[in-house]
Amino acid sequence: METAEIYEKLKKTFTEGIGELKTNLPVNPFFFVDADKVNAICCFLRDEESLQFDNLSCLSGVDYDKDNLAVVYHLYSYTLNHQLVIKTTVPKTNPVVRTVSDVWVAAEWHEREAFDLIGVNFEGHPDLRRILLPEDWEGHPLRKDYKVPDFYNGMKVPY
Amino acid sequence: MGLLNKLDARIEQFESGNIIITSADKLMNWSRLSSMWQVFFGLACCAIEMMAASASHYDLDRFGIIPRPSPRHCDIILISGTVTLKMASRIKRLWDQMPEPKYCLSMGSCANSGGPYWEHGYHVLKGVDRVIPVDVYIPGCPPRPEALIEGLLKLQEKIRNQSLAKITA
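Residues numbered from 1 in each chain as written. Chains lettered and ligands numbered in written order. Predicted model: local features only at pLDDT ≥ 70, side-chain atom pairs only at ≥ 80, totals over all residues. Heavy atoms only, no water.

Peer 1: Provide a residue-level description of the overall build of chain A, including the pertinent values.
Peer 2: Each helix and strand in chain A was counted, giving three helices and nine strands. Starting at the N terminus, the α and β elements of chain A follow one another as α-β-β-α-β-β-β-β-α-β-β-β. Along the longest, intermediate and shortest principal axes, the C-alpha atoms of chain A span 55 × 30 × 25 Å. Taken over 159 residues, chain A has a buried fraction of 42%. When the accessible surface of chain A is split by element, carbon and sulfur atoms take 49% of a total near 8,600 Å². Seen as two clouds, the 17 positive and the 26 negative side-chain charges of chain A have centres 5 Å apart. (Helix = DSSP H or I, 4+ residues; strand = E, 2+ residues; numbered from the N terminus. Buried < 20%, exposed > 50% of the residue type's maximum accessible area, 1.4 Å probe, protein only. Areas by Shrake-Rupley, 256 points an atom, 1.4 Å probe, with all protein chains shown as cover. Lys, Arg positive; Asp, Glu negative; His and termini not counted. Charge placed at Lys NZ, Arg CZ, Asp CG, Glu CD.)

Peer 1: Outline the sheet that holds strand 3 (residues 55–63) of chain A, listing residues and values.
Peer 2: Hydrogen bonds between backbone groups are what pair the strands of a sheet, and the pairing can be parallel or antiparallel. All names here are of chain A. Strand order in this open sheet of five strands is 1-2-5-4-3, and the pairing throughout is mixed. The sheet is open, and its two borders are formed by strand 1 (18–22) and strand 3, each paired with just one other strand. Ignoring which end each strand starts from, the neighbouring axes of this sheet average 20° apart. In the packing of helix 1 (residues 3–13) onto the sheet, the strands contacted are strand 1, strand 2 (30–33) and strand 5 (82–91), and the crossing angle to strand 1 comes to about 165°. (Pairing = 2+ DSSP bridges. Axes fitted to C-alpha atoms, helices over the stretch in contact; angles between N-to-C directions. Contact = heavy atoms within 4.5 Å.)

Peer 1: Break down the pattern of salt bridges for me, citing the residues and quoting the values.
Peer 2: Tallied over the full model, the rule gives nine salt bridges over all chains. Across the pair A:Asp127 and A:Arg129 runs a salt bridge whose closest N-O atoms are separated by 2.9 Å. B:Lys92 is the salt-bridge partner of B:Asp96, the closest N and O atoms lying 3.3 Å from each other. With B:Asp96 and B:Lys92 both in helix 4 (residues 85–97) and four residues apart, the pair spans about one turn of that helix. We classify B:Asp96 as partly exposed; its relative accessible area is 47%. (Salt bridge = Lys/Arg side-chain N within 4 Å of Asp/Glu carboxyl O.)

Peer 1: Hey, could you go over helix 1 of chain A for me, with residue numbers and the actual values?
Peer 2: Residues and elements named next belong to chain A. When helix 1 is considered as a whole, its buried residues turn out to be Thr-3, Ile-6, Tyr-7 and Leu-10. The buried residues of helix 1 occupy one face: seen down the axis, they fall within an arc of 100°. Of the surrounding secondary structure, the elements contacted by the buried residues of helix 1 are strand 1, strand 2, helix 2 (38–47) and strand 5. (Arc of directions from axis to C-beta.)

Peer 1: Help me get a handle on the packing of aromatic side chains, residues and values and all.
Peer 2: Two descriptors summarise a pair of aromatic rings, namely the distance from one centre to the other and the angle between the planes of the rings. Inspection of the entire model under this criterion finds nine aromatic pairs over all chains. Aromatic pair A:Tyr146 and B:Tyr122: ring centres 6.1 Å apart, planes at 70°, arrangement edge-to-face. Linking A:Tyr146 in the loop between strand 7 (121–123) and strand 8 (151–152) with B:Tyr122 in the loop between helix 5 (108–113) and strand 7 (136–138), this pair reaches from one chain into another. Side by side, A:Tyr146 and B:Tyr122 carry an identical accessibility label, which is buried. Taken together, the aromatic side chains of A:Trp137, A:Tyr146, A:Tyr152 and B:Tyr122 make up a single cluster linked through ring pairs. Here the basic side chain of A:Lys87 rests over the ring of A:Phe30, its NZ or CZ set 3.8 Å away from the ring centre. Over the ring of B:Trp95 we find B:Lys102, and its NZ or CZ is 4.8 Å from the ring centre. (Phe/Tyr/Trp six-rings, centres within 6.5 Å; stacked < 30°, edge-to-face > 60°. Lys NZ or Arg CZ within 6 Å of the ring centre and 35° of its normal.)

Peer 1: A description of the interface of chain B and chain A should follow, citing residues and the corresponding values.
Peer 2: Each partner contributes to the interface: chain B provides twelve residues, whereas chain A provides 16 residues. Here chain B meets chain A over a buried area of about 1,100 Å², counting both sides, of which 71% is carbon and sulfur. Among the residues chain B hides against chain A, the three largest losses belong to B:Leu85, B:Lys86 and B:Tyr122. Together they make up 56% of the total. Counting the contacts that link chain B with chain A gives four residue pairs in polar contact (both at pLDDT 80 or more). Per-element accounting of the side of chain B that touches chain A gives the leading share, three residues, to helix 4 of chain B. Of the residues assigned to the side of chain B that touches chain A, the class counts are seven nonpolar, two polar and three charged. (Buried area = accessible area lost by both parts, 1.4 Å probe. Polar contact = N/O pair within 3.5 Å; in protein donor to acceptor, adjacent residues only side chain to side chain. Nonpolar A, V, L, I, M, F, W, Y, C, P; charged D, E, K, R; others polar.)

Peer 1: Before we move on, can you summarise the environment of B:Gly115 with the specific residues and values?
Peer 2: Residue and element names in this part refer to chain B. Its location among the elements puts Gly-115 in the loop between helix 5 and strand 7. On the basis of relative accessibility, which here comes to 16%, the residue Gly-115 falls in the buried class. Setting aside anything within four residues of it in sequence, one finds Gly-115 in contact with Ser-109 and Cys-110.

Peer 1: Tell me about the nonpolar core, and please be specific about residues and values.
Peer 2: Residues and elements named next belong to chain A. One finds Leu-45, Leu-59, Tyr-73 and Val-100 to be the most contacted residues of the largest nonpolar core, which totals 33 residues. Sorting the residues of this core by element identifies helix 1, strand 2, helix 2, strand 3, strand 4 (68–77), strand 5 and helix 3 (107–117) as the ones contributing at least two each. Per element, the largest residue contribution to this core is five residues, and it comes from helix 2. Once residues within four sequence positions are removed from consideration, Leu-45 is found in contact with Ile-6, Leu-10, Leu-51, Gln-52, Phe-53, Leu-75, Leu-84 and Ile-86. (Core = buried A, V, L, I, M, F, W, Y, C linked by side-chain atoms within 4.5 Å.)

This is the structure:
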């Protein structure tokens, strides 16, 4: 199924919370969904007979613009061999997204990475702690405004 | 005789050929540099070259260099790759667990000075010499096994010219 068809199907099921479809881009077509609707939409995408998105290929955190963070979901259906990209944005002041780790278990570590490096908080995640950086690290280094610390545990960090 | 050549020109040999005399330092150094056991760990792509050097084609075993699973058995530590800040404290601990006399080889650009992460690597220690003392720096990204072996031979040279009596005094 093409992204446009999937989009129309979602539009019919969810009356609100789904932005416009962006096509003719150098990347896969995508659309934005509301952060609080992500979990419900993902459940639908997985369970609907004609969609069957049984695989979360990738979940990425992005420092989207001056005021917002984004989370990008790359979905794939092994059963029906089609794919979908959805995005959601949250304000940097309160970056909370409902987790999808109860929809696809693979999301658990992806969400921990997005939390670790970008600082997105995933509400309902069973074990949201740093996955790559040491536990006592301060800040989220892939934010554009991140400042490299002078010292970490007594070790000089800058060259 | 290979062994006698390796020892020292100053050794004396008796007519019967069964007794040799040399200094304790020379004998100790010769045995130390002929069995440099290394800590069995690798960090990044340099570790692949280190493994290649250990395998049959380059055969580090002919220099008496074998990896040991405990730092308490080891004489040298080969920092083979990128040292992240998270790893740095572990390396320091391994180093502290090694018995004296011990030596450190920094292998490749990352361990030498941060390598390609020198500017934007918020997570990389810019040179392992910021946490432990380094005896030999091996340049390369990653260094070929030949370069690693040259570094090890340089270390052998260093050990050959040391005096344990002076170190421990």
